Amino acid sequence: MTDKKETYYITTPIYYPSSNLHIGHTYCTVMADAMARFKRLCGYDVHFLTGTDEHGQKIETLAEAKGVTPQAYVDEIVEGIKKLWETMEISYDDFIRTTEPRHVKRVQAIFMKMYENGDIYKGEYEGLYCTPCESFWTESQLVNGCCPDCGRPVTAAKEEAYFFKLSKYADKLLELFETNPSFLQPESRRNEMISFIKQGLDDLCISRSTFDWGIPVPIDEKHVIYVWLDALTNYITALGYPDDPELYNKYWPANVHLVGKEIVRFHSIIWPAMLMSAGLPLPKQVLGHGWLLLGGEKVSKSKAAKGNDVVDPVILIERYGIDALKYFLLREYTFGQDGVFTNEVMLKRMNYDLANDLGNLVSRTVSMIEKYCGGTVPKATTSDDIDEDLKRIAVGAASKVEEQMDKFAFNMALEEIWILVRRANKYIDEKSPWVLAKDESKKAELDTVMHNLAESIRIISILIHPFMHTTSKEIRKQMGLWYADVVWKDAFTFEMMDGEQVKKGNPIFPRLDIEKELEDVLLSIPNLPNPRVPVGKDDSENAEIRRSGEPTQFGFEPKAHWDLGRDLGILDPETAAKVSGARFHFYMGLG
């Protein structure tokens, strides 16, 4: 009889399918996927949930403009989202859609539970409403008279609505934040929410009566349930609560809700209050990640549709592979903080870490084992201080990775792995196997060097598996470990290889010509002219290339301007002067 596995339930936000997803959604989902894979590898029974939030006035309006039903409109977008996650090899266990019958009936049951508890009442809402964001605002919250989120005009709105007594739970929410500091992280987000609560909580509008695209309020079908009660409850309706609670009883409360910082308030104030009203346990933790910016500005779906500054992750995957993109997103930025992106930063990270460090280590090692040992991993029969130092770092890496992953410090977890990668490369230089090979009396030492390198790479292949599972598999294939499952505990042991047959394959990460890549990646974008075609000296617009034609899938307008030197975002002035291309903005939030 086997011991019962400890459970781990992680969620992303459910994304709003008003248009195609951008790189920000990819970032959040890649983090959740890496953590889910890591916990599975460590022996946990993992449940990883993502999905789509498909109701609301904005969807209804967009569908009407397109001449289709709201359901047909979201079906098409959701199909694209699922295809993107398939391309990204996202290992979710469930994909919840708020239009699914399983969700609809359970939201209505939760509404009734809160209503019967005396926490829902009918009233009238009056305020300034932004239809694209589906948000009400006060006059003082507007920016230049417009929506503070998207910058569009707002309209006065007044309608009958049902309200949730959010204000009733202010004291309990403050107690939650003050007695359980880890509930919301990073600390800066927690402090913001405490300040927000202390300013006073208004009751929350949870129904609308001016449009139909939503879940009917069970006690008044002139109303549909509005946004957050519909959306946030997905985390438990997907588990079968309340009518089919097997998964709910197994996995709830969630270990982590992973969200963008702009929706932290809804997940750390509104959602816990709703659960308190329903008498249900609270999630263990809410983590709010930062945005990735370029030019100091968040790029959302609405803003992306007006410019030329959002990258399709599929283009990057096609050029550099899934693992390279995942590695960059997880390695470059500190969780919880905003970060800045340029193409040059991404390509340099791929070159330095993946091609030069990891790829070179595997390639050199396999080549030397083939050359000096006939392709067979030999035994180690000698030892000195250099050997022991490599072993110490190798077997100590896994515990350090675990420590960083427990803090969602993906960049530092990868840094711990790369300490071993760099140490193994240094070990080659210190031991100079090409010199040892020239002296027959050094054959035993040479064999030990080859063995130790093979063992180090075996451990590396385990450590990188949650982040780059395809690369891990390819490394193990080249090292003759194709037959063995990846087992986390094996990363704590050094002496496990003896007699495996290595076989050199294609370079795991070929070295990139950065200048050429900065040019070539532009050619993957529809309707963009060839950036290598020079602009004539007599052309008055010789600092620009205009892109013409139909809008791309991101809704780029025709004749958008591309300032090729400036807009590429190249840090090195000499490189910038040589390259014709355009800058891409990555935004790592939710829009």
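Up top is the structure.
Structure report, in brief. (Residues numbered from 1 in each chain as written. Predicted model: local features only at pLDDT ≥ 70, side-chain atom pairs only at ≥ 80, totals over all residues. Heavy atoms only, no water.)

## Details of the overall build of the protein chain
The helix and strand tally for the protein chain stands at 22 helices and 17 strands. Residues counted as buried form 57% of the 591 residues belonging to the protein chain. With an accessible surface of roughly 24900 Å², the protein chain has 49% of that area assigned to carbon and sulfur atoms. (Helix = DSSP H or I, 4+ residues; strand = E, 2+ residues; numbered from the N terminus. Buried < 20%, exposed > 50% of the residue type's maximum accessible area, 1.4 Å probe, protein only. Areas by Shrake-Rupley, 256 points an atom, 1.4 Å probe, with all protein chains shown as cover.)

## Here's the deal with the pattern of salt bridges
If you walk through the whole model with that rule in mind, you get 37 salt bridges. Of the charged contacts in the structure, one is a salt bridge between Arg 106 and Asp 243, with a shortest N-O distance of 2.7 Å. Separated by 137 residues along the polypeptide, Arg 106 in helix α4 (residues 101-116) and Asp 243 in the loop between α8 (234-237) and α9 (246-251) bring together distant segments of the chain. Relative accessible area serves as the criterion here: at 44%, Asp 243 is assigned to the partly exposed category. Note that Arg 392 and Asp 389 form a salt bridge whose closest N and O atoms lie 2.6 Å from each other. Here Arg 392 pairs with Asp 389, and both are found in helix α15 (residues 385-405), just three residues apart, close to one helical turn. The exposed category is assigned to Arg 392, whose relative accessible area is 52%. (Salt bridge = Lys/Arg side-chain N within 4 Å of Asp/Glu carboxyl O.)

## Some words on the nonpolar core
Leu 358, Phe 408, Phe 410, Ile 417, Trp 418 and Phe 467 are the most contacted members of the largest nonpolar core, which totals 107 residues. Here this core gets 14 residues from one element, more than from any other, and that element is helix α14 (residues 343-373). Sequence-distant contacts of Phe 408, defined by excluding residues within four places in its chain, comprise Tyr 8, Ile 10, Met 35, Val 256, Leu 258, Leu 287 and Phe 335. If you look at the next biggest cluster of nonpolar residues, it comprises 54 residues, including Tyr 9, Ile 110, Phe 111 and Leu 204. (Core = buried A, V, L, I, M, F, W, Y, C linked by side-chain atoms within 4.5 Å. Contact = heavy atoms within 4.5 Å.)

## Details of the sheet that holds strand β3 (residues 94-97)
The six strands are arranged β3-β2-β1-β12-β13-β7 in an open sheet whose pairing can be described as parallel. Across the chains shown, the open sheet's two edge strands, defined by having one partner strand only, are β3 and β7 (184-185). Where strand β2 (residues 45-52) meets β3, four bridges bridge the pair, whose relative direction is parallel. Among the inter-strand pairings, Gly 51 is bridged to a residue of β3, identified as Ile 96. (Pairing = 2+ DSSP bridges.)

## Notes on the environment of Ala 36
Relative to the helices and strands, Ala 36 resides in helix α1 (residues 23-41). Sequence separation between Ala 36 and Pro 466 is 430 residues; the distance between their C-alpha atoms is 8.0 Å. Ala 36 has contacts with Ile 10, Val 46 and Phe 48, leaving out every residue within four places of it along the chain.

## Things to note about the packing of aromatic side chains
Counted by the stated rule, this structure contains 22 aromatic pairs. Between Tyr 241 and Tyr 248, the ring centres sit 4.9 Å apart and the planes meet at 45°, which makes this aromatic pair tilted. The same class applies to Tyr 241 and to Tyr 248, which are both buried. Three or more aromatic residues joined by ring pairs make a cluster, and in this case those are Tyr 9, Tyr 235, Tyr 241, Tyr 248, Tyr 251, Trp 252 and Trp 271. Residue placement shows Arg 208 over the ring face of Tyr 129; its charged tip is 4.4 Å from the ring centre. In this arrangement the basic side chain of Lys 261 is found over the ring face of Trp 291, its NZ or CZ atom lying 4.2 Å from the centre. (Phe/Tyr/Trp six-rings, centres within 6.5 Å; stacked < 30°, edge-to-face > 60°. Lys NZ or Arg CZ within 6 Å of the ring centre and 35° of its normal.)

## Section: the sheet that holds strand β4 (residues 120-130)
As summarised here, the arrangement of the four strands in space is β5-β4-β6-β8, forming an open sheet in which the pairing is antiparallel. The open sheet has two edge strands, β5 (135-137) and β8 (204-205), and neither has a second partner. Taken together, the two bridges between strand β6 (residues 155-164) and β8 define a ladder with antiparallel strand orientation. The residue bridging Phe 163 from the neighbouring strand is Cys 205, located in β8.

## Digging into the pairing of strand β11 (residues 220-225)
In this structure, strand β9 (residues 207-208) lies alongside β11, joined through two bridges in antiparallel fashion. Bridged to Ser 207 within β11 is Ile 225. Sheet topology note: the strand β10 (residues 216-217)/β11 ladder contains two bridges and is antiparallel. Directly across from Val 217, in β11, lies its bridge partner Asp 220. Linking two consecutive strands that pair antiparallel, namely β10 and β11, is a turn of two residues.

## Brief notes about the side chain of His 223
Residue placement: His 223 occurs in strand β11. A distance of 2.9 Å separates polar atoms of two side chains, one belonging to His 223 and the other to Glu 160. Here His 223 is in contact with Glu 160, Ala 161, Tyr 162, Ser 207, Arg 208, Ser 209, Ile 215, Pro 216 and Val 217, once residues within four sequence places are set aside. (Polar contact = N/O pair within 3.5 Å; in protein donor to acceptor, adjacent residues only side chain to side chain.)

## Section: α4
For an α-helix, 3.6 residues make a turn, and residues three or four places apart therefore share a direction. Across its 16 residues, α4 extends 23 Å between first and last C-alpha, which sits within 8% of the 22 Å expected from 1.5 Å per residue. Within the span of α4, buried status applies to His 103, Arg 106, Val 107, Gln 108, Ile 110, Phe 111 and Met 114. Directly beyond the C-terminal end of α4, a positive phi value near 80° is found at Gly 118. (Expected span 1.5 Å × (residues − 1).)

Purely spatial values, then, with no claim about function.
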